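An overview of the molecular structure
These are the residues of each chain, in order.
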Amino acid sequence: TATDATTHAPLAGICVYPYLHGGARTSDPGVCTGASGSYILPMAAPGSYDVAFFDPAGHYFTQWFNGAATQAGATPVTLTSGPASGVNAAMAGPAEITGTVTDAATGGPAAGVCVYLYTTAGVRTGGTGTCTLSNGTYAMAVGAAGSYDVAFTDPSGHYLTQWYHGAATTATATPVSVTAGATTPGIDAAMAGPTLITGTVTD
């Protein structure tokens, strides 16, 4: 059975996939939970398996039995001659990062500044990111728990790109820790305008 970790309500449409323990996906087709949150996963052969719970709608984090975030941490399910029952999942909702972006000179809100998530190795994640509202605030969903670098960039070019917390590059960024089903608030930025080179061109 798959349930919501917070409300304990049954979850329909959570897909359940079997993997060889510590290995690749099996040829078994997998199934998705019904309205009661329950499922029955037919398996072609006895053995030791890792079971993944995946939400195609993206409302919940993928998890592995028994509550592991990765396959490496999964508890194997051993099938012999009979069914293995009680292979349940309490699914945690996506995490969120929130904050406010301001103009470093005026202190006023900076609207339209886009916020993107990177790994601490400097690789952009698959998330779409978000942009600040007219009051400078933003809320960005995060697809998996972990440690990330957060970039603030202005597509209009009025402000220099920066990384949390006030860093010029991802290499010097302060990592932001994200916990499954929780909000990480206060990831703010004070945006500085670009430096200028001026001059006069004559014949």
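Values in this document were obtained by computation on a predicted structure and should not be read as measured data.

**Notes on the environment of alanine 173**
Looking at the element boundaries, alanine 173 is found in the loop between strand E13 (162–163) and strand E14 (176–178). Relative accessible area serves as the criterion here: at 11%, alanine 173 is assigned to the buried category. With 22 residues separating them in the primary sequence, alanine 173 and alanine 151 have C-alpha atoms 8.7 Å apart. Those residues within four positions of alanine 173 in sequence are excluded, and the remaining contacts are Asp149, Trp163, Tyr164 and Ala167.

**Here we look at the layout of surface pockets**
When its volume is computed, the largest pocket comes out at roughly 350 Å³. Along its surface, the largest pocket is lined by 17 residues, and Tyr39, Ile40, Leu41, Ala84 and Val87 are the ones closest to its centre. Classifying every residue of the lining of the largest pocket by side-chain character gives 12 nonpolar, five polar and no charged.

**Some thoughts on the side chain of aspartate 103**
Note on placement: aspartate 103 falls in strand E8 (residues 95–103). Although aspartate 103 lies buried, it forms no salt bridge, and the closest oppositely charged side chain, arginine 124, sits 23 Å away as judged by the N-O distance. Residues in contact with aspartate 103, not counting those within four places in the same chain, are Gly108, Ala110, Tyr159 and Met191.

**Here we look at the nonpolar core**
Within soluble globular proteins, side chains that are nonpolar tend to cluster in buried spots. The biggest cluster of nonpolar side chains holds 21 residues, and the ones touching the most others in it are Ile97, Val101, Tyr138, Val150, Phe152 and Ile187. Among the secondary structure elements, those contributing two or more residues to this core are E8, strand E9 (114–119), strand E11 (137–142), strand E12 (146–153), E14 and strand E16 (189–191). In contact with tyrosine 138, other than residues within four places in its own chain, are Ile97, Thr98, Gly99, Thr100, Val101, Val115, Thr130, Cys131, Thr132, Phe152 and Ile187. Core analysis: the second largest hydrophobic core is formed by 14 residues, Leu11, Phe53, Tyr60 and Phe65 among them.

**Description of the side chain of aspartate 149**
Mapped onto the elements, aspartate 149 comes out in strand E12. Although buried, aspartate 149 forms no salt bridge, and the nearest oppositely charged side chain, arginine 124, lies 12 Å from it. Within polar-contact distance, the side chain of aspartate 149 engages the side chain of threonine 170 at 2.9 Å. The contacts of aspartate 149, once residues within four sequence positions are left out, are Tyr116, Leu117, Tyr118, Thr119, Thr120, Trp163, Thr170, Ala173, Thr174 and Pro175.

**Things to note about the pairing of E8**
The pairing of E8 with E11 spans six bridges and is classified as antiparallel. Bridge pairing in E11 places glutamate 96 opposite alanine 141. Here two bridges tie E8 to strand E15 (residues 183–184), and the two strands are oriented parallel to one another. Considered in E15, the bridge of isoleucine 97 is made with threonine 184. Relative to E16, E8 runs parallel, the two sharing three bridges. Looking at the pairing, threonine 102 lines up with alanine 190 of E16.

**Things to note about the state of the cysteines**
Considering all chains together, one arrives at two disulfides under this definition. Here cysteine 15 connects covalently by a disulfide to cysteine 32, the sulfurs 2.0 Å from one another. Between cysteine 15 and cysteine 32 the disulfide shows an S-S torsion of about 85°. By sign, it is right-handed. Taken as a pair, cysteine 15 in strand E2 (residues 15–20) and cysteine 32 in strand E3 (residues 31–32) lie far apart in primary sequence, 17 residues in all. A relative accessible area of 42% places cysteine 32 in the partly exposed class. At a sulfur-sulfur separation of 2.1 Å, the disulfide partner of cysteine 114 is cysteine 131. Handedness of the cysteine 114-cysteine 131 disulfide follows from its S-S torsion of about 85°: it is right-handed. With cysteine 114 in strand E9 and cysteine 131 in strand E10 (residues 130–131), this residue pair connects regions lying 17 residues apart in the sequence. A relative accessible area of 34% means that cysteine 131 is categorised as partly exposed.

Reading the values: rules and limits
- Residues numbered from 1 in each chain as written.
- Predicted model: local features only at pLDDT ≥ 70, side-chain atom pairs only at ≥ 80, totals over all residues.
- Heavy atoms only, no water.
- Helix = DSSP H or I, 4+ residues; strand = E, 2+ residues; numbered from the N terminus.
- Buried < 20%, exposed > 50% of the residue type's maximum accessible area, 1.4 Å probe, protein only.
- Contact = heavy atoms within 4.5 Å.
- 1 Å grid on protein atoms, 1.4 Å probe; cavity = no way out; pocket = protein on both sides within 12 Å on 5 of 7 lines; lining within 4 Å.
- Points joined across faces, edges and corners; volume = space filled by probe spheres on them.
- Nonpolar A, V, L, I, M, F, W, Y, C, P; charged D, E, K, R; others polar.
- Lys, Arg positive; Asp, Glu negative; His and termini not counted.
- Salt bridge = Lys/Arg side-chain N within 4 Å of Asp/Glu carboxyl O.
- Core = buried A, V, L, I, M, F, W, Y, C linked by side-chain atoms within 4.5 Å.
- Polar contact = N/O pair within 3.5 Å; in protein donor to acceptor, adjacent residues only side chain to side chain.
- Pairing = 2+ DSSP bridges.
- Disulfide = S-S within 2.5 Å.

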